[in-house]
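Read off the chains here:
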Amino acid sequence: MTIREKVGQMTQITLDVILEGEVYNATLPHRLNQNYLKKAIQEYRIGSILNTPGIPLSLKEWLALISDIQTVAIKKTRLGIPVLYGIDAIHGVSYTVDATLFPQQINMAASGNLDLVKAAAAITAYETRASAIPWNFSPVLDVCRHPLWPRLWETFGEDTHLATKMGLAMLEGYQGQQIDHPYKVAACLKHFLGYGMPLSGKDRTPAWIPERYMRAYFLPPFEAAVKAGAASIMVNSGEMNGIPVHANKKILTDLLRDELGFDGLLVTDWEDIKYLHSRHRVASSHKEAVKIAIEAGIDMSMVPDDLSFADHLIELVEEGAISEQRLDQSVERILNLKQRLGILEHPVVKAQTDYQLFASEQHSQFSLDLARESIVLLKNEKGILPLSKDSSVLVSGFSGNAMQYLNGGWTSTWQGDQADHFIKNKKTIQAAIKDKIGAAQVQFVEGCRFDQLTDLERALAAAANCDHIILCLGEKTYTEFHGNIDDLNLPDAQLEFAEQMIATGKPVHLVLLQGRPRLISSIAEKVASIICAFLPGNEGGIALADILFGDCNPSAKLPITYPKHAHGLVAYDYKHSEASSIQGSRSCYDPLFEFGEGLSYTTFEYSDLVLSANQIEMTDVLEVNIKIKNTGSRKGKEIVQLYLRDEYASITPSVRVLKAFKKVDLAPQEECLLTFNLDQKDLSFVGHNNEWVCEAGIFTVMLGDQKAIFELKNPV
Ligand code: BGC
């Protein structure tokens, strides 16, 4: 391969660059511009393309578009290497018309159901391949440790163990055994590393993460997914400890390649090489930025909207600043992935493969099942829920009658705010409730928008004539930095509207559609029930109606800590010094709802916590046995969570850390015995030398209200 051909493989552009019209303002219906296509593929030999023309395409349109691109790549270039097409199919292949859309990752985490999460990812892989796209920029394995961060909902929440298990399930669903299978795709883990805790809470702003915490909280999900064979990784756009991650050789090469042994493809995030110059200012020119990022270890640059990366890299090689061998390493990984995906033989879709299940009933049933299990019931005063189907209800609030608030960002378009234009055949909350109890018993009055009261008088009048008020509040749709906020409080207009509804004296059921925990402390006591639905996806309206009226028993648990105070943002695994009050001072940890909280319409009793030993050696595996009984009168699912506390350690231990979880399904009065195994890694922490260590001492195991202690003995 020539230098130009190699550099071309390392270049990824956004589709807009080769469409008719202006970049980011393609003429619709989209059409490939033959001159731009020729320039990008024949002249520059670019190896990869991402994105949509700004709107979702039908399956047929995707096939035609990708065939046209591949025809040029195969027939009109010397080497005939197909282009690797990538997309953000993060909750279903959301840029394909009518695709099955699932709850977002934060909901998946809340469901605690690894099988359903894997199934959702497998369906997404199927529908992505059906769209002729073999590469998915998902899952997000960032652990979110700052509730303001606008990408919280794209993550599995604040806990490392939960994120690791969920990430592995999703990865398996996407990749299966063989990524050349016509129903599988290459996953792309994002965003390596340390993206989930910007100090300011704003997207792509500096994080300060000491190595110990980086290894303890942020690395494990990536490490596990690399070990499980993840095909590609995307780099974090932000900076950690003053070094933009795209410029950090220690992270991208020493840690990722040498220590974790990752041999897949490493792609930059959007425009991030340019940003080393223009935003981060660690490079005095774009060309220097290219040199820094290549030296740090990236394989492919998501440029994305011009071909300048290629020009600079060719110059750098010709000047001897970057060696051709360095290019070879990256090109080998890129070609390897193309080969593993089977696109060298089948550049569009594998012949004779049918995708009849695309957007099928069967697929949406999985989405509904996952939505039902992902909605968290946080308050149910005097067991007021479920409501009787004879009740008359007022559904109010802006999120009660739109698909966009159920789905959030990355839906139909990047920001997700046009979802209602594209998704016509799915049910909003009010439509689903009408279906369930009959339109005559349901009124919908918006009452308030995100930050503005609208028809308050009408809402009050309607409230006077109903038995219950279902108040649907929350957030607008947003993606990435467009979701930056300065304040976690719900906007005043929403709180005011809630107060007005509460003042009617009718029981108010607060339903929150939101990507992060907006503060509701002033109204939480006054409403009859609280449901945090997060972003439950296309079937979320039906799932909510099922929960409100008792056709589904909720079983989700919070994958984040729900703050009570605007500045009380301490996570569940806080340190003892954050809890104990010093001379009467207030505790730092005072959430409205805790990580792991979530109610059911039945009750579960935990008993008979038995450990296989009271003392163990470092190499032993401890068995933890527990009995769970459904003591209520309804069938229900329970996420059984095992927490561990290391009582004393040379690095300050947390009050509790989640080490394992299992979801069980129990009929009324049914009981089951569960066994968990704890090994040395579960008892370890990242010690003084930034390595995982295990220290002798006393540990406490906690499951529900049960506790037991054991001792880990020093080696003799
Ligand atoms: C986001 C990534 C995404 C990429 C491609 C970026 O702005 O940070 O998560 O995969 O765009 O769309």
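Trainee: Whenever I open this one, the site of the ligand confuses me. Can you help?
Mentor: By nearness alone, 13 residues border the ligand, and D88, R151, H191, D269 and E480 come closest of all. A distance of 2.5 Å is found between an oxygen atom of the ligand and a side-chain nitrogen or oxygen belonging to D88. Within the side chain of R151, one N or O atom sits 2.7 Å away from an oxygen atom of the ligand. With the chains in place, 96% of the 310 Å² that the ligand exposes on its own is no longer accessible. Per-class residue counts for the shell around the ligand are 6 nonpolar, 1 polar and 6 charged.

Trainee: When you look at the nonpolar core in this model, what are you seeing that I'm missing?
Mentor: Within soluble globular proteins, side chains that are nonpolar generally end up buried alongside one another. Counting residues in hydrophobic clusters, the biggest one holds 177 residues, and the most contacted among them are I69, Y85, F192, L193 and L313. With 8 residues, helix α5 (residues 114-130) is the largest single contributor of residues to this core. The contact partners of Y85, leaving out residues within four places of it in the chain, are L15, I49, L50, N51, W62, L65, I66, I69, I133, P134 and W135. If you look at the next biggest cluster of nonpolar residues, it comprises 36 residues, including I375, L406, A533 and F549.

Trainee: Quick question: what am I supposed to make of the domain arrangement of the protein chain here?
Mentor: A common way to express how large an interface is: the accessible area buried when the components associate. Taken domain by domain, the protein chain consists of domain 1 (3-354), domain 2 (375-548) and domain 3 (604-712). Each of domain 1 and domain 2 has a C-alpha centre, and these two points are 34 Å apart. Facing the 28 residues of domain 1 at the interface are 31 residues of domain 2. Of the roughly 2,400 Å² buried at the junction of domain 1 and domain 2 (both faces included), carbon and sulfur atoms supply 58%. Of all residues in domain 1, L101, L148 and W153 bury the most surface against domain 2, accounting for 23% of the area lost on that side. The interface formed by domain 1 and domain 2 includes 3 salt bridges. Residues E480 and R151 are paired through a salt bridge, measuring 3.9 Å at the closest nitrogen-oxygen approach.

Criteria and cut-off values
Residues numbered from 1 in each chain as written. Predicted model: local features only at pLDDT ≥ 70, side-chain atom pairs only at ≥ 80, totals over all residues. Heavy atoms only, no water. Near = heavy atom within 4 Å. Polar contact = N/O pair within 3.5 Å; in protein donor to acceptor, adjacent residues only side chain to side chain. Areas by Shrake-Rupley, 256 points an atom, 1.4 Å probe, with all protein chains shown as cover. Nonpolar A, V, L, I, M, F, W, Y, C, P; charged D, E, K, R; others polar. Core = buried A, V, L, I, M, F, W, Y, C linked by side-chain atoms within 4.5 Å. Buried < 20%, exposed > 50% of the residue type's maximum accessible area, 1.4 Å probe, protein only. Helix = DSSP H or I, 4+ residues; strand = E, 2+ residues; numbered from the N terminus. Contact = heavy atoms within 4.5 Å. Domains from an automatic or database assignment. Buried area = accessible area lost by both parts, 1.4 Å probe. Salt bridge = Lys/Arg side-chain N within 4 Å of Asp/Glu carboxyl O.

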